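# Geometric and topological summary
The residues making up each chain are set out below.
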Amino acid sequence: MPYNMRSSSSCVSVLLIVSLMLLSLSADAYKNHTVGESTGWFDIQEKPSANYQKWADSKTFSLGDFLIFNTDSNHSVVQTYDFKTYKECNYNNGEDNSTTEWSAANPSATSPVPVSVSVPLVKEGLNYFFSGNYDGEQCKFGQHFMINVTHGQGLPSPDKDDETAPGPGQASQSGDDDEVAPDTIVPANFDHPKDIESDDDDSLVKGSKSSSSITKYNLLCLVLLGFLASFF
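Residues numbered from 1 in each chain as written. Predicted model: local features only at pLDDT ≥ 70, side-chain atom pairs only at ≥ 80, totals over all residues. Heavy atoms only, no water.

The protein chain carries the name Phytocyanin domain-containing protein in an unreviewed UniProt entry, which gives Brassica carinata as its organism.

### A word on the sheet that holds strand β1 (residues 32-34)
Going by this rule: Criterion used throughout: strands pair if DSSP finds at least two bridges between them. Counting from the N terminus, the helices are the DSSP runs of H or I reaching at least four residues and the strands are the DSSP runs of E reaching at least two. Lines fitted to the C-alpha atoms define the axes, with helices restricted to the stretch that makes contact. Angles between their N-to-C directions range from 0 to 180 degrees.
Taken in spatial order, the three strands make up an open sheet running β1-β3-β6, and their pairing is mixed. Of all strands in the sheet, those with a lone pairing partner are β1 and β6 (114-120), marking the two edges. Neighbour-to-neighbour, the strand axes of the sheet open up by a mean angle of 25°, direction not taken into account. One ladder, built from three bridges, connects β1 with strand β3 (residues 66-72); its direction is parallel. Opposite T34, over in β3, you have I68 as the bridge partner.

### A few points about the state of the cysteines
Applicable threshold: Two cysteine sulfur atoms make up a disulfide if the distance between them is within 2.5 Å. Think of it in three bands: residues with accessible area under 20% of the maximum for their type are buried, residues over 50% are exposed, and the middle band is partly exposed, with areas taken using a 1.4 Å probe on protein chains only.
All told, the structure shown has one disulfide when counted by the stated rule. Between C89 and C139 runs a disulfide, and the two sulfur atoms are separated by 2.1 Å. Here C89 and C139 share a disulfide; its torsion about the S-S bond, -55°, makes the bridge left-handed. Of the two residues, C89 sits in the loop between α3 (83-88) and β5 (99-103) while C139 sits in helix α4 (residues 133-140), which places them 50 residues apart along the sequence. C139 matches C89 in its accessibility class, with the two residues each being buried.

### Topic: the sheet that holds strand β8 (residues 144-150)
Spatial strand order, β2-β8-β7-β4-β5: five strands in an open sheet with mixed pairing. Either end of the sheet is taken by a strand with one partner, and the two such strands are β2 (61-62) and β5. In this structure, strand β4 (residues 77-80) lies alongside β5, joined through four bridges in antiparallel fashion. When the sheet's bridge partners are listed, V77 is paired in β5 with S103.

### So, the environment of Y81
Tracing the backbone shows Y81 in the loop between β4 and α3. Between the C-alpha atoms of Y81 and M146, which are 65 residues apart in sequence, the distance is 9.7 Å.

### Some remarks on the nonpolar core
Stated formally: Here, nonpolar core means buried Ala, Val, Leu, Ile, Met, Phe, Trp, Tyr and Cys residues that are tied together by side-chain atoms lying within 4.5 Å of each other. We call two residues in contact whenever any of their non-hydrogen atoms come within 4.5 Å of each other.
If you look at the biggest cluster of nonpolar residues, it comprises 22 residues, and the most contacted ones within it are V35, F61, L67, F69, F129, F145 and I147. Only α2 (52-57), β3, β6 and β8 provide two or more residues apiece to this core. In this structure I147 touches A56, F61, L67, L121, G125, L126, N127 and F129, once residues within four positions along its chain are discounted. In this structure, V78, Y86, C89 and F130 belong to the second largest nonpolar core, which totals six residues.

In structure tokens:
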């Protein structure tokens, strides 16, 4: 086989290998999930078409992902690992630190204002979400859903000089031991999604991943240049 043909074949092989590596890394990237997408986070009295469990069932969730709740000041965002709390739609029944109210509502407000709430997924297993306003009435009118969070690529690594902090709701779920979600340590800098778009475009989380992504694409460009140079 002529030298030029062998060189071209080698370049093509390298290009394919690098492309497959980039695809596999992208598949595990963190994501933002906009809850209800264009519907937002409301009960069915305001948004009759809302079906959050159906929306959740169509997605996959992993550690390090964010849920983005677009709602208003008349609706709250409650996350719990306790099924009893979720079933009763009662934030006040949350045991220990198993329940977090990420956004408290103001039902007395005459003119609700828009609110966007970012909730990080920091514990594997079942995570439950609902609005606890009006004695659980909004929750009972469809404003609730549950998801299963997988390990994925795990939580982002903390910065070298950064401290770590416990994530919200470190307590175990109620029920059998095999339903207990494992404890996790959350980097202190992992408190809000930075420069991330919604999952409507299946976008990748930037921030700590941006520099490594640039490096990967620069490498791909170098491989392409090497491939083209082999013909001259």
